[in-house]
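# Structural characterization, general
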Amino acid sequence: MMNILSKKLAIPALAFALLSLGSCSKWLDLKPQEGVVAEDYWQTKEQVRAAVNGLYISLITSSLTQELFMHGEIRTDMVDISTFAPQPYTEYRFADMLSTNSFSNWGTFYRIINYCNNVIDNAPGVKELDPTFTQADLDAYVGEALAIRAWMYLNLARIWGDVPIKLTYTASDEDLVAIAKSPQSNVLDAVVADLIRAEPMVRETFGSTAADKGKITRYTVNALLADTYLWQDEFQKAADACDEIIDAEIFELVSGDASTWLSELFGQGNSIEGIFELQYDRQQLNPFYALFRQNAIYTAGQNVYEVLFQFDAADPENFDVRGDRGALSTATNMIYKYHGLNRTQTKSLEESYTHWMVYRYADVLLMKAEALNGLNRGQEALDLIYTIRERGNAMQGTDLNPGADDQQGITTFIVEERAREFAYEGKRWFDVLRNARRNNYERIDLITGMIVSYAPADRQQSMLGKYRDVNSHYLPIYYIEMQRSGGVLEQNPFYGN
Amino acid sequence: MRQLTYSFSLLLFWICCVGQTAVAQHIVRGKVIDATSKQPLAGVTVSELSADNRTVAATTTDIEGNYALAVTTALNRLNFSFISYNAQVVRINSRNQINMELRTSDSQIEEVVITGVGGAQPNTGLLNISARDLTTATATINASVLQDMQSSSIDEALQGRLPGVDIAANSGDPGSGMSIRIRGTSSLSGSAEPLIVVDGMPYETEVPGDFNFGAADEDAYAQLLNVAPADIETISVLKDAAATAMWGSRGSNGVLLITTKRGTMSKPRVGYSFRGALSTVPSAIPLLSGDQYSSLIPEMYMNRTGLPLNTLTNKEFQYDPGDVYYYNNYSQNTDWIAAINQTGLSNDHTFSIQGGGEKARYYSSVAYLGQRGVTVGSGLNRISARLNLDYDISERIKFRTDIAYTHTVTDRNYVNSKDDQDNIRGAAYIKMPNMSLYEYDPYGNLMPVYFSPDRNIQGAYPGTYNPAAMAEYAYNKHMGERITPTFNLRYELIKGVLFSDFSVMFDMNNTRVNNFLPQLATGRPYTETVVNRAGESDRDDFRIQTKSNLIYTPNLGDKMKHDLQMLFSWQTDDFRGLSYESMISNTASILLTDPSNPGRTQNAELSLKGGEGQSRSIGAVFSTQYKFLDRYIVNVGIRGDGNSRFGANYRYGYFPSISTRWRVSGERFMENLPFIDELSFRASYGHSGKAPRYDYLFYSNIVSYDQTYLDEAGTVPANMAYKNLKFERVKGANVGLNLEMWKRRFRLDMEFYRNRTTDMLFDNLGVPNTSGFESIWLNYGVMDNQGWELNLNATPYRTKDLMVDFAFNIARNLNVVREVPEFFVNEAGTGTNNGDYKRYLRINNPIGSFYGYRYEGVYSTLDETIAKDVNGQAIYGPDGEPVYMRFNYPYTDYVFQPGDAKYADINHDGSIDERDIVYLGNSNPKFTGGFGPSITIKNSLRINLFFNFRLGYEAINDALMNTTKMTNYDNQSTAVLRRWRKEGDVTDMPRALMGMGYNWLGSDRYVQDASFLRFRSATVSYTFNRGSVIDRLGMSNLRMYVTGENFYTWTRYLGQDPEVNMEKGIFGVARDKSRTPPTMRFTFGLSTSF
């Protein structure tokens, strides 16, 4: 009996095995059960919203602000670095930057750019699939992505100078290409083009204060435009962009009252002065507590308090609110802005989520002053500077008192006032560089003067020598990036090879 | 499809078991008595056997020896069987009364002794081919050899015994795995571990890619290969691609076949074996005492800044008895290493019982392993059980059930977020020695708590912590449960010609990791999340594998002339893994260590995460082996594989293989050389493949951020879609030789091979950052893994009382890159960063070379730092001033100072830069291997010695670098006491310089020849032979032994352990971070059976 059975079975057994080959493909077709794959994404407006929100999260979860701080401050007299700083910091600060220094890696910026490209490329398709998705909403989302992308390119242009421009999303391994550098001016043009495109698209308000400060609004776009125009020396356009914000009349300077200035502007954040602040929160702390407080890598520069802010030896009640216990703590030489709650209290590590200030109203006023000065409207520029100075109660000794027709004097004054107003907000180096490079580096003294003020005696000459080569004002391309480009990228000539 | 396979298998079972209900026809009665004593025998099994020996009906005799059995047909036979009696089979022949006398079996069934010479048959789970007919490169170790290796795991047993099989421990801590490499690595990505096949079914030992062990390094994850060594019958290693091709996309790293013991026909035999071991950490590199450290740090600081260290703010170095708290807590001479050391202990007990009759046989074992590691807080407890059952329903239907269960609890040290390692020993090495182990209160009283300040000059947690507090109070417990039931049915479809074999294996593997970080260890304030942080992760894996084999062995007449076997095998694998992870902090007390307690869940690191993954694969194998005249053997096979980890374009892969063997010794012309028992030449060629470790890579996965922005969630593309991902393919060619002479007293195996990996899978290939990604997965490039192996076994002397065996193996293995992708960076490392060695990719040259500066000591005086020209004359500038040596002029332009390290200025340009970099060494050993004699005296005393060696390679002594670099607040070795301190000091140790300078550039100062010969182990064992004292104890066998390991190493290498493995990847070199030599271990063991 078994014999017959077995023969009967042998044939179906083989048949099963062969037949099942056909159904394998289906059996092997698996998709992740958690998360979504790109093919199934981009179906609804909620997904677009989540992707755009992901852009903001990428700004605060990456090392972006840490890098912006470094690139904006480490080459300036505003900071000192402590012995806790590893060697790459020393090399960067003392002009020993090499292409092997990992701080010359631009990966963070391009990663965020790619996320923006994702939204810009894929969001418009959703409108066809989701009838409830309005054109206005779509525009607003794409506009936000455009503005963030523009901001990243503005950063790249002022840190590395000439950089590759990539405006399409890398969706798969088939989209990989090595891209050559574009000149800095082209990058700035691309930034302006994105911003001009974004300006009519983005929202004026999101309906809540936090979102209006934490996300890209039309005013953020205007502020970015003003900033970029200043880098292009397009003074009229810059002034106009500033006016867009000023004339909206929804921003004003917070009070210069010493007891509230820091807490309103930074301790609490989202003040009436804020235009775009990256919203760290309890879930995502900012990186500065460790950098400035626990075995601080950065400390306040030696001359910041006594020379830049100055003090009134006769009247201790008369002080610049932005100085001691505003930007820095003179007692410990600590950078104070990001972990001070107010003049007397500091935040604990767990509360260390002071926002990163990208633009605030004071910045707009001073950018306008810079634009007006460029247009030879000196008196108007001075008025704006004094508005800022009065709010901050700047010390008399820091008033350079230039004449209304003294364009160079006003430039120096603006740069110094910006150092006081935006101390440790990642702007100092860019302010100095932007003003120094105008008219074929007419004001290179702004850079060399600053170098002299902080360079150690034994390095002063070599640092000056390097900074006199204007190519040294931009970082090298990270050596690994050079090698991966397969010869398409050209190194900044200052760094050889 | 899966359902089809299962239901098909079930159907078959059902038919076999139930399909034979028939009406009883008549009843047979009778009485069974003992043939000599004529006493009735109770409990004798009386069974009716069909023509093919299948039991149709059965009963047992009562206390009077009577039985009655309703038989189905008078044509069948009756079988009378009873333990210790010879079974009797008689024909029924329509009798109604059958009485029987049974005789006791004269001799007890002898234990099966496997001789280990040539005849062993590796169970491949596919075609059954005896070892002498194998056409592929295979090495086998069998039970008799394994018996001499008293090891807690298989990997340890194999270490150094097989040529081309390289096994190294991940770390000395209990439960940390070992890495097994068969013929080096042929792949740059993912795991290089071989496929393990236990009793014919693949046994997963790889950690699924998506599992996060609470930030543990997965290499050190608890032993997944937890088959108790006492259960192992044989281990075979399939080395060449023709052999591994049968396992297709999983076999590219080689295959390890393990056969476990099965019951044999005998009365029940109870076995017990014990193993106890004691291990200690030998003394490590001597470190600075607190006082020496306290004079080093301020000097290091002053050399950097020119200013003295401010001891008012850095009270750690104040040494002011007036400041009682700081004075007491920071004026000690603490030996941090001693604080975390303990003597390691291990005890291992295995009970087994085996036996069976004609129809059913069993092997069952229960083992317990308890280990305490050499670092406080580490240990392992393991209970494993195995039941192997064989039941022969008839001669044609047989089934097997194997059930293995393992319960493991591993205690590890806490894994900190600094380096993702449980590196307490590393933390102890760099901990400031002037700090107190226990805290003093501000009145100078010693408190009974560890001193864990929230921060000090060395930093704060996780950069630094009190290692003793961490070892004692923090914990990291891994609990694993794994059960693998396997069901197998063999059915002979056509007697002697067509066999079928169906197996299904379920694998349930659950892991739970529980960890806790107490405030006592971190010292941080209670507001922070690194205080009383409790984490738990759990992973449940479920895997079903099936294998259906059809084996066809046609009768082609004369078996000696033609011998043909054909196999068709169909295999499926369905895996699903679920995991979740939760972590909270600030539980109310250090006693509340579970995340189920109330706690905080605030920043990104404290989270609740889940994950789920699934993968499937199928394989169809066709293989055939033909032997002609016992001399010419050829094997041809092809395997098709489908894998769910690839996109539709590249989902299937085909892996062909061909291999041959020519037995020269069988030829006529060899008859004149009668002393040659076996001489064969083999040649093989085959493909095998490899799939990536992660699922769903061919999709661009959109994932949600853990964080929110303005309380709103967001998504991000985690990867680009890897549409072109396909099987990495290893094309292996192997030629080999087997020689056996002088009655198999001399055996030699030789293999030459080249495995060419094409479509090399890069899992981390750097791409231009402008793409928005830093690295991608890509198949590209060609790499060769080539070498040779030689294995020699000899019995030079053999008499009745004395036998001397000698084993020797030697191998060489090289990796050569032939082609790389376009974005591939062809060099690694820089010449300008301290500690970095330059490595270049040279196509067609072996990998593993490194380049650096030549170290020439220390600049003693300012004059010495003047640059010299080719003739050794000082160089002066146009202004008559001397030109001083500079580093990397004009970019870095650091001027060397007296006391700085002096590097050779190869091109005499006055600047030390990348142009002065020279070749320093290669990390590929010229030869690796092992040898050792074993001497057996009077069949009872056995002495076994084993040595292993590696010759001709250079290693970078990172431990030396890290303990003498004097660049931060880490403690250093006592070698730095001879550092340069003032102008004119002549020494080889540069000055201390905090975070600056170029004193520890990658140079030949840290490169040493790491060739070594190690006295790996010595075992003395004594076996009590029958007839001695053990008979009186009722034992049938007793063996006792003592093993010592790691006695001595002959080497010129100055580091702690010259056995340094190359790091992974094209730029991997041998870097030795070990600051402690391998643990010395003594083991006592016994094994017995009743």
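Residues numbered from 1 in each chain as written. Chains lettered and ligands numbered in written order. Predicted model: local features only at pLDDT ≥ 70, side-chain atom pairs only at ≥ 80, totals over all residues. Heavy atoms only, no water.

## With respect to the overall build of chain B
- For chain B, the count of helices and strands is twelve helices and 53 strands.
- Taking all 1090 residues of chain B together, the buried fraction comes to 59%.
- For chain B, long-range pairs separated by at least 24 residues make up 71% of all intrachain contacts whose partners lie at least 6 apart in sequence. (Helix = DSSP H or I, 4+ residues; strand = E, 2+ residues; numbered from the N terminus. Buried < 20%, exposed > 50% of the residue type's maximum accessible area, 1.4 Å probe, protein only. Contact = heavy atoms within 4.5 Å.)

## What about the packing of aromatic side chains?
- Using the criterion set out here, one finds 69 aromatic pairs over all chains in the structure.
- With a centroid separation of 6.2 Å and an interplanar angle of 80°, the aromatic rings of tyrosine 110 of chain A and tyrosine 153 of chain A are classed as edge-to-face. With tyrosine 110 of chain A in helix α6 (residues 107-129) and tyrosine 153 of chain A in helix α7 (residues 135-160), this residue pair connects regions lying 43 residues apart in the sequence. Here the two residues tyrosine 110 of chain A and tyrosine 153 of chain A agree in accessibility, since each one is buried.
- On the numbers, 5.8 Å between centres and 75° between planes, the contact of tryptophan 742 of chain B with phenylalanine 746 of chain B is edge-to-face. (Phe/Tyr/Trp six-rings, centres within 6.5 Å; stacked < 30°, edge-to-face > 60°.)

## Considering the pairing of strand β9 (residues 356-360) of chain A
All names here are of chain A.
- Counting buried residues in β9 gives five out of five residues, a clear majority hidden from the surface.
- Bridge count between strand β5 (residues 274-278) and β9: four bridges; the pairing is antiparallel. Each bridged residue has a counterpart across the sheet, and for phenylalanine 276 the counterpart in β9 is tyrosine 359. (Pairing = 2+ DSSP bridges.)

## Here we look at the packing of α7 of chain A against helix α10 (residues 218-232) of chain A
Residues and elements named next belong to chain A.
- Taken N-terminus to C-terminus, the directions of α7 and α10 make an angle of 25°; their axes are 11 Å apart at the nearest point. On the basis of the axis angle, α7 is roughly parallel to α10. Between α7 and α10 lies a crossing of left-handed hand. Of the residues in α10, those in contact with Ala147, Trp151, Leu154 and Arg158 of α7 are Val221, Leu224, Asp227, Thr228 and Trp231.
- By residue class, the composition of the contact of α7 with α10 is six nonpolar, one polar and two charged. (Axes fitted to C-alpha atoms, helices over the stretch in contact; angles between N-to-C directions. Parallel < 35°, antiparallel > 145°, perpendicular 65-115°, else oblique. Left-handed = near helix turned anticlockwise from the far one by under 90°. Nonpolar A, V, L, I, M, F, W, Y, C, P; charged D, E, K, R; others polar.)

## Here we look at the sheet that holds strand β4 (residues 66-71) of chain B
Residues and elements named next belong to chain B.
- The sheet built from three strands is open, its strands ordered β4-β1-β7 with mixed pairing. Each end of this open sheet is capped by a strand with a single partner; those strands are β4 and β7 (100-102). Each strand of the sheet is rotated relative to its neighbour by a mean of 35°, with strand direction disregarded.

## Some thoughts on the sheet that holds strand β30 (residues 701-704) of chain B
- Spatially, the three strands line up as an open sheet ordered β1(A)-β30(B)-β31(B), and their pairing is antiparallel. Strand pairing shows two members of the sheet lacking a second neighbour, β1 (36-37) of chain A together with β31 (715-717) of chain B, which therefore form its edges.
- Here two bridges tie β1 of chain A to β30 of chain B, and the two strands are oriented antiparallel to one another. What sits directly across from valine 36 of chain A, in β30 of chain B, is isoleucine 702 of chain B.

## Comments concerning the pattern of salt bridges
- If you walk through the whole model with that rule in mind, you get 83 salt bridges over all chains.
- With a shortest N-O distance of 2.9 Å, arginine 322 of chain A and glutamate 417 of chain A are connected by a salt bridge. Of this pair, arginine 322 of chain A sits in the loop between α14 (304-309) and β7 (328-329) while glutamate 417 of chain A is found in helix α17 (residues 407-421), placing the two residues 95 residues apart along the sequence. For the pair arginine 322 of chain A and glutamate 417 of chain A, one class covers both residues: buried.
- Aspartate 1004 of chain B is the salt-bridge partner of arginine 854 of chain B, the closest N and O atoms lying 3.3 Å from each other. Placement of arginine 854 of chain B in the loop between β40 (849-852) and β41 (855-858) and of aspartate 1004 of chain B in the loop between α11 (958-964) and β50 (1007-1009) is noted, with a sequence separation of 150 residues between them. (Salt bridge = Lys/Arg side-chain N within 4 Å of Asp/Glu carboxyl O.)

## Some remarks on the side chain of asparagine 105 of chain A
- Within the secondary structure layout, asparagine 105 of chain A lies in the loop between α5 (87-93) and α6.
- A polar contact of 2.8 Å, which involves the side chain of asparagine 105 of chain A, links it to the side chain of asparagine 769 of chain B.
- Residue contacts for asparagine 105 of chain A: discarding those within four places in its chain leaves Glu67, Trp160 and Tyr478 of chain A together with Asn769 of chain B. (Polar contact = N/O pair within 3.5 Å; in protein donor to acceptor, adjacent residues only side chain to side chain.)

## Things to note about the confidence of the model for chain A
- Model confidence for chain A is summarised by a mean pLDDT of 90, while 95% of its residues fall at 70 or above.
- Contacts from residues 1-8 of chain A, a stretch scored under 50 in pLDDT, to residues over four places away or in other chains number eleven contacts. (pLDDT = per-residue confidence, 0-100.)

## Examining the pairing of strand β53 (residues 1080-1089) of chain B
Residues and elements named next belong to chain B.
- Sheet topology places strand β15 (residues 266-280) next to β53; ten bridges connect them, and they run antiparallel. Directly across from glycine 276, in β53, lies its bridge partner phenylalanine 1084.
- One ladder, built from nine bridges, connects strand β52 (residues 1037-1051) with β53; its direction is antiparallel. Across the sheet, methionine 1040 pairs through a bridge with leucine 1086, a residue of β53.

## Thoughts on α10 of chain A
All names here are of chain A.
- Taking 1.5 Å as the rise per residue, α10 with 15 residues should run 21 Å; its terminal C-alpha atoms sit 21 Å apart, in good agreement.
- When you tally the buried positions in α10, you get 13 out of 15 residues, the bulk of the element.
- Downstream of α10 by a residue or two, aspartate 233 has a phi angle that is positive, lying close to 60°. (Expected span 1.5 Å × (residues − 1).)

## With respect to unusual backbone geometry
- Of note, the phi angle at asparagine 376 of chain A is positive, near 60°, even though the residue is not glycine.
- Within the element layout of this structure, asparagine 376 of chain A appears in the loop between α15 (361-374) and α16 (378-392).
- Of note, aspartate 199 of chain B is a non-glycine position whose phi angle comes to about 50°, a positive value.
- The residue aspartate 199 of chain B is located in the loop between β11 (195-198) and β12 (201-203) in this model.
- Of the residues examined, aspartate 199 of chain B reaches a relative accessible area of 9% and is grouped as buried.

## Examining the interface of chain B and chain A
- Contact residues are listed per partner, giving 102 residues for chain B and 97 residues for chain A.
- With both chains or domains summed, chain B and chain A bury close to 8,800 Å², and 57% of this area falls on carbon and sulfur atoms.
- In terms of surface lost to chain A, no three residues of chain B exceed Tyr709, Thr770 and Tyr891 of chain B, which account for 9% of the buried area on that side.
- The interface formed by chain B and chain A holds three salt bridges in total.
- The salt bridge partner of glutamate 712 of chain B is lysine 215 of chain A, with a shortest N-O separation of 3.8 Å.
- At the junction of chain B with chain A, the criterion picks out 27 residue pairs in polar contact (both at pLDDT 80 or more).
- The set of elements that each furnish at least two residues to the side of chain B that touches chain A consists of α1 (2-18), α5 (290-305), β22 (475-494), β25 (562-584), β26 (608-628), β27 (632-643), β30 and β31 of chain B. (Buried area = accessible area lost by both parts, 1.4 Å probe.)

## Topic: a negative patch on the surface
- A surface patch of negative charge is lined by Asp240, Glu244, Asp247 and Glu249 of chain A.
- Among the secondary structure elements, glutamate 249 of chain A is positioned in the loop between α11 (235-248) and α12 (261-268). (Patch = residues over 30% accessible without salt bridge, like charges linked within 9 Å, V, L, I, M, F, W, Y side chains within 5 Å. Areas by Shrake-Rupley, 256 points an atom, 1.4 Å probe, with all protein chains shown as cover. Lys, Arg positive; Asp, Glu negative; His and termini not counted. Charge placed at Lys NZ, Arg CZ, Asp CG, Glu CD.)

## Brief notes about the environment of glycine 619 of chain B
- Looking at where glycine 619 of chain B falls in the secondary structure, it is placed in strand β26.
- Distance from glycine 619 of chain B to tyrosine 853 of chain B, taken between C-alpha atoms, is 52 Å for residues 234 residues apart in sequence.

## Re the packing of helix α19 (residues 444-454) of chain A against helix α20 (residues 460-468) of chain A
Residue and element names in this part refer to chain A.
- In contact at an axis separation of 10 Å, α19 and α20 are set at 160° when each is read in the N-to-C sense. With respect to α20, the element α19 is oriented roughly antiparallel. Crossing hand, α19 versus α20: right-handed. Seen from α19, the contacting residues are Ile444, Ile447, Thr448, Ile451, Val452 and Tyr454; seen from α20, they are Gln460, Met463, Leu464, Tyr467 and Arg468.
- Tallied by class, the residues present in the contact of α19 with α20 amount to eight nonpolar, two polar and one charged.

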